[in-house]
Amino acid sequence: MNDVMTFLGAHWLDILSTTIGLIYIALEYRASIALWFVAIVMPAIDIYLYWSVGLYADFGMAIYYTLAAVYGYASWKFGGRKDGNAAVELPITHMRKSHILPSVLAFIAAWAAIYWILVSFTNSDVPVTDSFINALSFVALWALARKYVEQWLIWIVIDVISCFLYAYKGIPFKGALYGLYVVIAIMGYRKWRRMMEQSPS
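Attention here is on the structure that accompanies the text. Predicted model, so just to flag it, every value in this text is computed and none were measured.

Quick look at the nonpolar core now. Grouped together as the largest cluster of nonpolar side chains are 59 residues, with contacts concentrated most on Tyr24, Trp36, Trp76, Leu144, Tyr166 and Trp192. Among the elements of the structure, helix 2 (12-29), helix 3 (35-52), helix 4 (56-78), helix 5 (100-121), helix 6 (127-145), helix 7 (151-168) and helix 8 (172-198) are those that each provide at least two residues to this core. Element by element, the count of residues in this core is highest for helix 6, at 10 residues. For tryptophan 192, the contacting residues outside a window of four places in its chain are Glu28, Tyr29, Ala31, Trp76, Ile92, Leu144, Lys147, Tyr148, Val149, Gln151 and Trp152.

Take a look at the structure:
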């Protein structure tokens, strides 16, 4: 019993972040705008969690998540077409083909920049992986903010890699959460496609 309590005590922040992460992914699956409010709270916890285990790119990304959540909420709430004088919530759509190449180039540039920062200014022992998932997360968050159904496909790649990375770095609950994220992302992609097809717009 003492061993269990010691383990839980050592991982309480990991458990809390994981719990909030479950709420977040459930709201994202439902395409609920409330996900952006959770997206402001979760990074605040992750900022300390990631720094404490040496995931410095994830630490910086958590700060970006907070700012992106504000943009995402505004985009979903006011980014749709106008209905008279009132803004209509942004609909789920496909990513435009014209956005694919700029997104790939932005990912490569971000990956290179984050990798250089990690190698030059931190003691990270996972600079390639840490920089990869965070650079790709920039693109995924933007796609989510624009409500593109393909954002789920990007998250599947991120979640698979993150699952193993977090387990390796000693935050097993977060690793398990991202394993669950993979399953939910597959389901979410299918659900968003159905919602998009059923939308009158």
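Before going further, it helps to spend a moment on the environment of aspartate 14. Along the chain, the position of aspartate 14 falls in helix 2. Here aspartate 14 falls in the buried class, since its relative accessible area comes to 2%. Residues aspartate 14 and leucine 49, 35 residues apart in the sequence, show an inter-C-alpha distance of 7.0 Å. Dropping the residues within four chain positions of it, aspartate 14 is found in contact with Leu49, Ile171, Pro172, Phe173 and Lys174.

This part is about empty space enclosed by the protein. In total, this model carries 2 cavities of 30 Å³ or more according to the counting rule given. Empty space within the largest cavity amounts to approximately 230 Å³. Lining the largest cavity are 17 residues; nearest its centre among them are Tyr24, Met42, Tyr65, Trp155 and Tyr178. Counting residues per element, the lining of the largest cavity draws most heavily on helix 3, at 6 residues. A class-by-class count of the residues in the lining of the largest cavity yields 14 nonpolar, no polar and 3 charged. In this structure, the second largest cavity spans a volume of roughly 90 Å³. The set of elements that each furnish at least two residues to the lining of the second largest cavity consists of helix 4, helix 6 and helix 7. No other element matches helix 4, which puts 4 residues into the lining of the second largest cavity. Of the residues belonging to the lining of the second largest cavity, the class tally is 8 nonpolar, 3 polar and 1 charged.

Here the focus is the side chain of asparagine 134. Along the chain, asparagine 134 falls in helix 6. Asparagine 134 sits in the buried class, given a relative accessible area of 2%. Other than its neighbours up to four places away in sequence, asparagine 134 contacts Ala57, Asp58, Met61 and Ile114.

Another aspect to go through is the packing of aromatic side chains. Under the definition given, this model contains 15 aromatic pairs. When the ring of tryptophan 36 is compared with that of tryptophan 76, the centres are 5.7 Å apart and the planes differ by 85°; the resulting orientation is edge-to-face. Note that tryptophan 36 is positioned in helix 3 and tryptophan 76 in helix 4, a separation of 40 residues in sequence. Side by side, tryptophan 36 and tryptophan 76 carry an identical accessibility label, which is buried. Relative to tryptophan 192, the ring of tryptophan 152 has its centre 5.7 Å away and its plane inclined at 90°; by these criteria the two rings are edge-to-face.

Think of an α-helix as turning once every 3.6 residues; residues three or four places apart then point the same way. Compared with the 32 Å implied by 1.5 Å per residue over 22 residues, the 31 Å span of helix 5 between its first and last C-alpha is a close match. Where helix 5 is concerned, the buried positions are Ser103, Phe107, Ala110, Ile114 and Leu118. Taken end-on, helix 5 shows its buried residues confined to a sector of 75°, consistent with a single buried face. With respect to the buried face of helix 5, the exposed residues turned more than 90 degrees away are Leu101, Leu105 and Trp116. Those residues of helix 5 hidden inside the fold are in contact with helix 4 and helix 6.

This next bit is on unusual backbone geometry. The phi torsion of most residues other than glycine is negative, and most of the peptide bonds are trans. Its identity as a non-glycine residue notwithstanding, alanine 31 has a phi of 55°, on the positive side. Looking at the element boundaries, alanine 31 is found in the loop between helix 2 and helix 3. Residue classification places alanine 31 among the buried positions, given a relative accessible area of 11%. Look at lysine 147: it is not a glycine, yet its phi comes out positive at around 60°. Looking at the secondary structure, you find lysine 147 in the loop between helix 6 and helix 7.

The rules behind each value
Residues numbered from 1 in each chain as written. Predicted model: local features only at pLDDT ≥ 70, side-chain atom pairs only at ≥ 80, totals over all residues. Heavy atoms only, no water. Core = buried A, V, L, I, M, F, W, Y, C linked by side-chain atoms within 4.5 Å. Buried < 20%, exposed > 50% of the residue type's maximum accessible area, 1.4 Å probe, protein only. Helix = DSSP H or I, 4+ residues; strand = E, 2+ residues; numbered from the N terminus. Contact = heavy atoms within 4.5 Å. 1 Å grid on protein atoms, 1.4 Å probe; cavity = no way out; pocket = protein on both sides within 12 Å on 5 of 7 lines; lining within 4 Å. Points joined across faces, edges and corners; volume = space filled by probe spheres on them. Nonpolar A, V, L, I, M, F, W, Y, C, P; charged D, E, K, R; others polar. Phe/Tyr/Trp six-rings, centres within 6.5 Å; stacked < 30°, edge-to-face > 60°. Expected span 1.5 Å × (residues − 1). Arc of directions from axis to C-beta.

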